[in-house]
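Structural features, examined
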2 protein chains.
Amino acid sequence: MRNLSLLTDLYEFSMANGFYHDLPTTNATFDLFYRRVPDNGSFVIAAGLQQVIEALQNSQFSDADLAYFRQLGLWDEQFLTELANFKLTCELQALPEGTPVFPREPLLTVTGPLYQAQLLETLLLNIVNHQSLIATKARRLSEAAAGRPIMEFGARRAQGPDSAIYGTRAAVIGGASSTSNVLAAKQFGIPVAGTMAHSWIEAFPDELTAFRQWANRYPDNSALLVDTYDVLNSGLPNAITVFKELRAAGHEPVGIRIDSGDVTRLSQAARAQLDEAGFPDAKITISNALDEAILTSLRHEGAPIDNFGIGEKLITSASSPVLSGVYKLAATEQDGNIAPKIKVSASREKLTIPGQKQVYRLYHRGTQRAFADLIALTSETIVGQTELTVVNSDPVSVDREQQLTNFEARSLLEPVDLTTTSAVSVQTIQANMQAQLAELPRATQRLVNPDTYPVYMTTTLSHLQSELLTQLTVGSD
Amino acid sequence: MRNLSLLTDLYEFSMANGFYHDLPTTNATFDLFYRRVPDNGSFVIAAGLQQVIEALQNSQFSDADLAYFRQLGLWDEQFLTELANFKLTCELQALPEGTPVFPREPLLTVTGPLYQAQLLETLLLNIVNHQSLIATKARRLSEAAAGRPIMEFGARRAQGPDSAIYGTRAAVIGGASSTSNVLAAKQFGIPVAGTMAHSWIEAFPDELTAFRQWANRYPDNSALLVDTYDVLNSGLPNAITVFKELRAAGHEPVGIRIDSGDVTRLSQAARAQLDEAGFPDAKITISNALDEAILTSLRHEGAPIDNFGIGEKLITSASSPVLSGVYKLAATEQDGNIAPKIKVSASREKLTIPGQKQVYRLYHRGTQRAFADLIALTSETIVGQTELTVVNSDPVSVDREQQLTNFEARSLLEPVDLTTTSAVSVQTIQANMQAQLAELPRATQRLVNPDTYPVYMTTTLSHLQSELLTQLTVGSD
């Protein structure tokens, strides 16, 4: 990855300069988390950690960067010298990519010198918000596709090159099985997919000639696009003619793609014609502005579709194009004294959870069935406990305190190795995600109106939060 | 710009390989245009041409790319050798960046060897769709801000690094005046803006101390964030205390920023307090999830706001996050014989306009008041004409033929110099956009329910379209 150290908001540098001078020995912990799930779902699929690691490995400031800073004239030479010799000493904890993560749970924490930890905010949010957004959308589409493969087709409608490249990576993490994007396929080892566009058909005198030329050129990769003129009266009969010629020459056709029209009716008629012509194995691919609602409707109508090519609705998460992850100060530490921090707001909903924390997934003991998550201070011992009083972490929940019994807890946040030069494959991450989804209640994975999955905090954490809130309220009188 | 030659859909390569072998002497013209305007507006602001030029200047395939292609095993060695020695010979015509462009008008055309022109599709669409989308959104926000500056604040919510970097460029083209994004500011010469985050306040024992430390560090850049605890009862009184101390020390405060709450009420109360305290020049900046509707409402309510910081709603065009530009074959040419092409579809709305074309803006003669655009074949002479029969280019319009008199036409598509190493500044592009907007009817610039601006085509073009449609319809019987 290229050097993205300047991809940050100006105020991060201004605050970093201030912290560097005014609080030089203060360390801090920041939490990266979100409050609202895109598309009113109940969880997000964490993604982007690999690119965070690569970006941090490239944390440095060039002479040109420093010249630009001097031109801005905002920060002094001592701080610029610190940047010129920048050495990141922060430590990160993160959820492994592909982990389903619920609101308010830190999916990444940064601990280190206050000025450094502050400086990372914008870049980390940019990368994690983007990839987690697209992985989350891909999970939704996979759920709606009910086991049939999803091909990522969105490069032309993505929000710039990285949106296509890293969006494709995230789409595979969330469940897509292939992509049309050659660069992303090469870079991340993703199967690459695609057939012809309408321009292929139009460049030849007629559709049958265009199909024949294609089959001649790619006899074992002949997926034909049948909707340039008229699917049922032209495209499909011409495709079947060519399929018969292919078979006579010893090749089996791949199938057809339909990119417009009423997909249920067309796929049903196409399936019938292909079967009748002796091509029951020819696949039908659909690629017309698909989203979760359309996939669900196609499934209910029994449309005989084998593959879905999904473009803009996946690569931009068009129905919900922003993951509003935030990066909030959770604690400062100076001379061994830890001061937990909260952020209050006019809206109680935005109250943050203080302190250095760990996230646990809670299972019914001896099973792989998770029923809730728990946020605790890192200083608390949770693993091994089987009974616990907990408090709902949702600041607007009514029924807050709960007794949990007969559970086992597994911690989710892991130390990040910033020196690693190897990357986990996207397929492994996808498999990890699927394994974790299998442990979550089905009702919370529903696409519409999902059941809320409880995210608790320990009573210690709850008391700490209340205490800090009281201090602030008293203080502001 | 890095090498993005692989940022393309697989099928572009598969078609290119086929065209290279099967239609080796065929040239083609493709048009890049769109049909629907984001946010139901009436036009798009063209952007991205500079990055198209840079990407095409880097069109080459590395040994690693070729090794990957061999591993895919889809295309033969002769084609791979052509790619290894790739030399782009296509010619481009484009609207200058910042030009308001209407549906169906080519904003970029590519003419050259069919296989090359095909190969460019995905990358060109990716870049132009993205930047034009964000420039269009920025124009809308600027319209709603009615002359008050817009600061681009969206890096953390952008769809990956490029979405932040090039999205910021596009935001300035469309009307933003500054950005918080340091990398984009440095790269494109954009004024950089920003003050503190809540974490600055929280890192100190109390708000007043945090403000004092900031004012001490940045006495001439003291814009204070006043909503960490309570705007009217804490943030503002503390800010005024520090502003008085600053003034006593010979510095004038910049102002305050409010990031939450009811912005109208808070800004009115803040203005009153600041004025009463003797700081009528202290600016009020707002940065809380703003969009066109909120800006318009704030204006109607008379909220005394000086600057708007706009994040996710601008950098992702969240309310309408996709510009659906397409790239369609308009003509082929072989041995001097030009064959215009159209793409038909089940929906008449998607009928394309054939041939090599120019776009003209039509003015009431002797004025700078544009009233319509006109699409013509490049072989037609339009400039100098003052009377013309034209046809509405919208394939679903009812009242199609019109007589135009007493107008003058100015051509919009210009040849693109692919060898240029200089870039027009974003400020120049923004000024160019504003000059062109001033020529368009106000009613078509409305944010809600804008008047349709007519886009005509010549009768020659209309007849050609009808003729090709008839041929295709006859052929498909």
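These figures come from a predicted structure and were not determined experimentally. (Residues numbered from 1 in each chain as written. Chains lettered and ligands numbered in written order. Predicted model: local features only at pLDDT ≥ 70, side-chain atom pairs only at ≥ 80, totals over all residues. Heavy atoms only, no water.)

With that out of the way, let us pick up the UniProt feature "domain: Nicotinate phosphoribosyltransferase N-terminal" (unreviewed entry) in chain A. With numbering matched to this structure, UniProt assigns "domain: Nicotinate phosphoribosyltransferase N-terminal" (unreviewed entry) to residues 6-129 of chain A. Annotation note: span residues 6-129 of chain A, helix share 44%, strand share 17%, distance between end C-alpha atoms 18 Å. (UniProt positions renumbered as here; feature names shortened; annotations may be inferred. Helix = DSSP H or I, 4+ residues; strand = E, 2+ residues; numbered from the N terminus.)

Residue and element names in this part refer to chain A. Take Thr-136: it is sitting in helix α6 (residues 121-145). Exposure remark for Thr-136: the relative accessible area of 4% places this residue in the buried category. Here Ser-132 takes part through its backbone oxygen, which lies 2.5 Å from a polar atom of the side chain of Thr-136. Among residues more than four places away in sequence, those in contact with Thr-136 are Phe-43, Val-44 and Ile-45. (Buried < 20%, exposed > 50% of the residue type's maximum accessible area, 1.4 Å probe, protein only. Polar contact = N/O pair within 3.5 Å; in protein donor to acceptor, adjacent residues only side chain to side chain. Contact = heavy atoms within 4.5 Å.)

This paragraph deals with the pairing of strand β3 (residues 91-94) of chain B. Residues and elements named next belong to chain B. Here β3 shows a clear split, with Leu-92 and Ala-94 buried on one side and none of Glu-91 and Gln-93 buried on the other. Strand direction decides the pairing type here: β3 and strand β5 (residues 108-113), joined by four bridges, are antiparallel. Counted as the bridge partner of Glu-91 is Thr-111 from β5. In the sheet, β3 pairs with strand β19 (residues 414-415) via two bridges, with the strands oriented antiparallel. By the bridge assignment for β19, Gln-93 is matched with Pro-415. (Pairing = 2+ DSSP bridges.)

Bringing the interface of chain B and chain A into the picture now. With 92 residues of chain B at the interface, the matching set in chain A holds 92 residues. With both chains or domains summed, chain B and chain A bury close to 8100 Å², and 59% of this area falls on carbon and sulfur atoms. Per-residue buried area on chain B facing chain A is highest for Arg156(B), Gln159(B) and Glu202(B); these three make up 10% of the total on that side. One can count twelve salt bridges joining chain B with chain A. (Buried area = accessible area lost by both parts, 1.4 Å probe. Salt bridge = Lys/Arg side-chain N within 4 Å of Asp/Glu carboxyl O.)

What follows concerns the domain arrangement of chain A. Residues and elements named next belong to chain A. Entries for chain A in the domain assignment read domain 1 (10-119 + 325-475) and domain 2 (135-315). Using C-alpha coordinates to define each centre, domain 1 is positioned 40 Å away from domain 2. Between domain 1 and domain 2, the residue contacts involve 20 residues of the former and 20 residues of the latter. Summing both sides of the interface, domain 1 and domain 2 together bury roughly 1700 Å²; the carbon and sulfur share of this comes to 55%. (Domains from an automatic or database assignment.)

What follows is about the packing of helix α1 (residues 10-22) of chain A against helix α4 (residues 77-84) of chain A. All names here are of chain A. Orientation of α1 relative to α4, taken along the N-to-C sense of each, is 105°, at an axis distance of 10 Å. In terms of orientation, α1 and α4 fall into the roughly perpendicular class. Residues Phe-13, Ala-16, Asn-17, Tyr-20 and His-21 of α1 pack against Gln-78, Phe-79, Glu-82 and Leu-83 of α4. (Axes fitted to C-alpha atoms, helices over the stretch in contact; angles between N-to-C directions. Parallel < 35°, antiparallel > 145°, perpendicular 65-115°, else oblique.)

Residues and elements named next belong to chain A. Three or more residues of helix α3 (residues 63-72) are buried, namely Asp-65, Leu-66, Tyr-68 and Phe-69. Looking down the long axis of α3, one finds its buried residues gathered within 155° of arc, a one-sided arrangement. Those residues of α3 that are exposed and aimed more than 90 degrees away from the buried face are Asp-63 and Gln-71. (Arc of directions from axis to C-beta.)

This part covers the pattern of salt bridges. Residues and elements named next belong to chain B. Tallied over the full model, the rule gives 48 salt bridges over all chains. Between Asp-373 and Arg-361 there is a salt bridge, with the nearest N and O atoms lying 2.9 Å from each other. Taken together, the residues span a long stretch of sequence, with Asp-373 in strand β15 (residues 370-377) and Arg-361 in strand β14 (residues 357-364) at a distance of twelve residues.

What follows covers the relation of the copies chain B and chain A. Superposition of the two copies of the chain requires a rotation about an axis together with a shift along that axis. Note on the identical chains: chain B maps onto chain A by a rotation of 180° and an axial translation of 0.0 Å, with an RMSD of 0.0 Å. Overall, the copies show the geometry of a two-fold rotation axis. Of every C-alpha in chain B, the one belonging to Asp162(B) sits nearest the axis of rotation, 2.7 Å from it. Looking at chain B, 100% of its interface residues are interface residues in chain A too, so the copies touch through the same face. (Least-squares fit on C-alpha atoms with pLDDT ≥ 70 in both.)

On to the sheet that holds strand β10 (residues 283-286) of chain A, then. By way of backbone hydrogen bonds, the strands of a sheet pair with one another, either parallel or antiparallel. Residue and element names in this part refer to chain A. Read from one edge of the open sheet, six strands run β7-β6-β11-β10-β9-β8, paired in parallel fashion. Edge strands, defined here as strands with exactly one partner in the open sheet, are β7 (178-179) and β8 (223-225). Relative to strand β11 (residues 307-310), strand β6 (residues 150-152) runs parallel, the two sharing three bridges. Note that in β11 the partner of Glu-152 across the bridge is Ile-310.

Each aromatic ring pair is described using two quantities: the centre-to-centre distance and the angle formed by the ring planes. All names here are of chain A. Tallying each qualifying case throughout the model produces 42 aromatic pairs over all chains. Considering the side-chain rings of Phe-43 and Phe-102, the 5.7 Å spacing of their centres and the 55° angle between planes classify their relative orientation as tilted. Here Phe-102 lies in the loop between β4 (100-101) and β5 (108-113) and Phe-43 lies in the loop between β1 (27-33) and β2 (44-45), a separation of 59 residues in the sequence. A residue is classified by how much of its surface remains accessible, and Phe-43, at 3% relative accessible area, is buried. Exposure remark for Phe-102: the relative accessible area of 1% places this residue in the buried category. Counting every residue linked through ring pairs, the aromatic cluster contains Phe-13, Tyr-20, Phe-61, Tyr-68, Phe-69, Trp-75, Phe-79, Phe-86 and Tyr-115. Seen from the ring of Tyr-363, Arg-410 lies directly overhead, with NZ or CZ sitting 3.7 Å from the centre. (Phe/Tyr/Trp six-rings, centres within 6.5 Å; stacked < 30°, edge-to-face > 60°. Lys NZ or Arg CZ within 6 Å of the ring centre and 35° of its normal.)

Here we take up the nonpolar core. Ranked by internal contacts, the top residues of the largest apolar core, which has 298 residues, are Phe69(A), Leu83(A), Ile256(A), Phe69(B), Leu83(B) and Ile256(B). Setting aside residues no more than four positions away along its own chain, Leu83(A) makes contact with Phe13(A), Phe61(A), Leu66(A), Phe69(A) and Leu119(A). (Core = buried A, V, L, I, M, F, W, Y, C linked by side-chain atoms within 4.5 Å.)

All names here are of chain B. Between helix α10 (residues 207-217) and helix α11 (residues 231-248), the shortest axis-to-axis distance is 9 Å and the interhelical angle comes to 35°. For the pair α10 and α11, the sense of crossing is right-handed. Taken together, the residues of α11 that come into contact with α10 (itself represented by Glu-207, Leu-208, Phe-211, Arg-212 and Ala-215) are Ser-234, Gly-235, Asn-238, Ala-239, Thr-241, Val-242, Glu-245 and Leu-246. Across the contact of α10 with α11, the residue classes tally to six nonpolar, four polar and three charged. (Left-handed = near helix turned anticlockwise from the far one by under 90°. Nonpolar A, V, L, I, M, F, W, Y, C, P; charged D, E, K, R; others polar.)

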